[in-house]
Amino acid sequence: DTEHAQGKLLDELESLSRGASVRLNLKPRPVRQEGSISRFEVELDAEGSQQQLMTFLDALLRLPALLTVERLRISAAPATPDALRANLVIQQITFQ
């Protein structure tokens with residue numbers, strides 16, 4: 001179940017990035033098990049215009065999964081004028 005939930009989350013993130021036309025780089029981290037709770041972290045680098053990035057972040061926060069945002073940094077993309085880069089660490093929590 002945990003592996004299925006991880007794969008589903010990664011698929012949803014990729015789908016959200018395509019829908020918002022945001023370039024996305026995913027860096028999944030190992031699952032941490034704490035009793036009956038599993039915590040799956042993913043570091044994301046997303047890049048696009050301000051509107052694209054805000055559309056992506058809004059859709060991310062509306063996902064039906066139980067997620068926490070551990071870190072969110074937004075900065076100007078150095079190589080692309082008028083583009084922003086967001087670096088996030090999100091954590092999906094599942095109960096077994």
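Residues numbered from 1 in each chain as written. Predicted model: local features only at pLDDT ≥ 70, side-chain atom pairs only at ≥ 80, totals over all residues. Heavy atoms only, no water.

J.: Could you clarify how one ought to interpret unusual backbone geometry in this entry?
T.: Its identity is not glycine, yet Ser21 carries a phi of approximately 55°, on the positive side. By the secondary structure assignment, Ser21 is in the loop between α1 (2–20) and β1 (23–28). (Helix = DSSP H or I, 4+ residues; strand = E, 2+ residues; numbered from the N terminus.)

J.: Just to check I follow, could you spell out the pairing of strand β5 (residues 84–95) for this structure?
T.: Two elements, strand β3 (residues 37–48) and β5, share 12 bridges in a ladder whose sense is antiparallel. Its bridge partner being in β5, Ser38 is matched across the sheet by Thr94. The pairing of strand β4 (residues 67–76) with β5 spans 9 bridges and is classified as antiparallel. Counterpart to Leu72 in the pairing with β5 is Leu88. (Pairing = 2+ DSSP bridges.)

J.: I'm lost on the nonpolar core in this one. Help?
T.: In globular proteins that are soluble, nonpolar side chains generally tend to be buried together. Membership of the largest hydrophobic core comes to 18 residues, with the highest contact counts inside it found for Leu13, Val42, Leu44, Phe56, Leu60 and Ile90. Every element with two or more residues in this core is listed here: α1, β3, α2 (50–61) and β5. In terms of residues, this core owes the most to one element, α1, which gives 5 residues. Among residues more than four places away in sequence, those in contact with Phe56 are Leu13, Leu16, Ser17, Ala20, Val22, Leu24, Leu44 and Ala46. (Core = buried A, V, L, I, M, F, W, Y, C linked by side-chain atoms within 4.5 Å. Buried < 20%, exposed > 50% of the residue type's maximum accessible area, 1.4 Å probe, protein only. Contact = heavy atoms within 4.5 Å.)

Spatial relationships are all this shows, so hold off on functional conclusions.
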